Amino acid sequence: MRGRERSAVVLWIGGRGDEPDRVLTVPEAGRRYVPVFVTVRQARLYARRRGQEPATTEVNTLDLGRVQHWLADPERRRAPLGAVLEAWNFFEDLARGLDAVDRLPRQGALHNSAYEKLFGAAREGAAWTPDEQRAVLELIRAGVELWNFCPALVNPRS
């Protein structure tokens, strides 16, 4: 995850069966914390020591900075659709891991429609309605805030 205010390597845990994916978090002092790392090697070692398997062996970089650049002036800038889709998915997984789904807007029909257009944008080129764009902006801004201010444990041992 590479953002303007916070950048770190995090671990995604794949959901079993019908369970959704989530960002790995750990309980400490009555709260959930996101273990964050400087390197992928540190993150993988931490996961192995805890008996956790990341959702994928791939290493991907989510460029939140591009999304934040768009958020600064969404009326004049073009949304980086791929980065927005990745950020949306990350924020949902982060909120689930932190048991903080209430920190993101409750998603309804507008969000679903906007997400479907976002997901299919590469094939279809569908544009958001003004209401859908407002819903996306609300969700992504809340997600950026969640990421920037979520409690984190930097380079924990195990």
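Refer to the preceding data block for the structure.
The structure reproduced in this document is the subject of the present report.

Cut-offs applied
- Residues numbered from 1 in each chain as written.
- Predicted model: local features only at pLDDT ≥ 70, side-chain atom pairs only at ≥ 80, totals over all residues.
- Heavy atoms only, no water.
- Core = buried A, V, L, I, M, F, W, Y, C linked by side-chain atoms within 4.5 Å.
- Buried < 20%, exposed > 50% of the residue type's maximum accessible area, 1.4 Å probe, protein only.
- Helix = DSSP H or I, 4+ residues; strand = E, 2+ residues; numbered from the N terminus.
- Contact = heavy atoms within 4.5 Å.
- Polar contact = N/O pair within 3.5 Å; in protein donor to acceptor, adjacent residues only side chain to side chain.
- Salt bridge = Lys/Arg side-chain N within 4 Å of Asp/Glu carboxyl O.

Attention shifts here to the nonpolar core. One finds Ile-140 and Trp-147 to be the most contacted residues of the largest nonpolar core, which totals 37 residues. Breaking this core down by element, the ones donating at least two residues are strand 4 (31-36), helix 2 (64-72), helix 3 (81-97), helix 4 (109-124) and helix 5 (130-149). A per-element tally of this core places helix 3 first, with 9 residues. Ignoring anything within four residues of it in the chain, the contact list for Trp-147 reads Met-1, Arg-6, Ala-8, Val-10, Val-36, Leu-64, Phe-90, Phe-91 and Leu-94.

It is worth spelling out the side chain of Asp-93 at this point. Tracing the backbone shows Asp-93 in helix 3. Residue class for Asp-93 comes out buried when judged on its relative accessible area of 9%. Looking at Asp-93, its side chain comes within polar contact range of the side chain of Trp-12, at 2.8 Å. Side chain to side chain, Asp-93 and Arg-96 meet in a polar contact 2.3 Å long. Non-local contacts of Asp-93, meaning those with residues more than four positions away in its chain, are made with Trp-12, Asp-21, Arg-22 and Val-23.

Scanning the model with the defined rule gives 4 salt bridges in all. The salt bridge involving Asp-93 is made with Arg-96; its shortest N-O contact spans 2.3 Å. Taken as a pair, Asp-93 and Arg-96 lie in helix 3 at a separation of 3 residues, close to a single helical turn. By relative accessible area, Arg-96 is classed as partly exposed at 28%. For Lys-117, the salt bridge is made with Glu-132, and the minimal N-O distance between the two is 2.8 Å. Here Lys-117 is found in helix 4, whereas its partner Glu-132 is found in helix 5, with 15 residues between them in sequence.

Limitation: the analysis is restricted to geometry and does not speak to function.
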